[in-house]
Amino acid sequence: MPGPRLTGLGGGLFCGAVMLALGLLIEALFGSSLTVYGVLFLPVCVLTALWVREGDLLIAPVVVPIAFAVGLVPVADEGGGSVLDRLMGMVTGLATQAGWLYGGTLLAGALVLVRRVRRIRRMRTVNRRPARDRAGRATV
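Residues numbered from 1 in each chain as written. Predicted model: local features only at pLDDT ≥ 70, side-chain atom pairs only at ≥ 80, totals over all residues. Heavy atoms only, no water.

Caption draft 1: Unusual backbone geometry, seen in detail. Despite not being glycine, serine 32 shows a phi value in the positive range, around 60°. With respect to the helices, strands and loops of the structure, serine 32 is situated in the loop between helix 1 (8-30) and helix 2 (34-51). (Helix = DSSP H or I, 4+ residues; strand = E, 2+ residues; numbered from the N terminus.)

Structure, rendered in structure tokens:
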């Protein structure tokens, strides 16, 4: 499968940075629309799950909820602009947008499981092939 191959840390940084950028962009363009934020979270989950290296597959379902919370910081707005207002907006945003959060995490987890099963099957197929000698004949 062509495309970038991110390490576990790289996948986390990618997902967090993209969600933070999307959060800032959504705040500027759509006035802190949590629905738009949730919809844009899903493709980021898919890309993170597809672009992480096979050795670091299990990191994708872990970093996507963290990235959701990181990107929610600029979108969460409860009016006053103080730290407590922002914190209350974060709690409210996490509570009201839990469907998008769980959906994206489930999507990343499902893609990771599919990739993991394919990797295991590929490894078993390679290990089952008989060894060949220099003439190309199968050895017993």
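More follows now that the structure is in view.
Caption draft 2: Focus on helix 2. End to end, helix 2 covers 26 Å across 18 residues, agreeing with the expected 26 Å (1.5 Å per residue, within 8%). The complete set of buried residues in helix 2 reads Tyr37, Gly38, Phe41, Val44, Cys45, Thr48 and Ala49. Buried residues of helix 2 fall within an arc of 130° about the axis and therefore sit on the same side. Residues of helix 2 that are buried make contact with helix 1, helix 3 (60-75) and helix 5 (98-128). (Expected span 1.5 Å × (residues − 1). Buried < 20%, exposed > 50% of the residue type's maximum accessible area, 1.4 Å probe, protein only. Arc of directions from axis to C-beta. Contact = heavy atoms within 4.5 Å.)

Caption draft 3: Expanded view of the packing of aromatic side chains. Using the criterion set out here, one finds three aromatic pairs in the structure. For the pair tyrosine 37 and phenylalanine 68, a centre-to-centre distance of 5.1 Å together with 55° between the ring planes defines the contact as tilted. One end of the pair, tyrosine 37, is in helix 2; the other, phenylalanine 68, is in helix 3, and 31 residues separate them in sequence. Judged on exposure class, the residue tyrosine 37 and its partner phenylalanine 68 are both buried. Relative to phenylalanine 68, the ring of phenylalanine 41 lies with its centre 4.8 Å away and its plane at 75°, an arrangement referred to as edge-to-face. With phenylalanine 41 in helix 2 and phenylalanine 68 in helix 3, this pair connects stretches of sequence that are 27 residues apart. (Phe/Tyr/Trp six-rings, centres within 6.5 Å; stacked < 30°, edge-to-face > 60°.)

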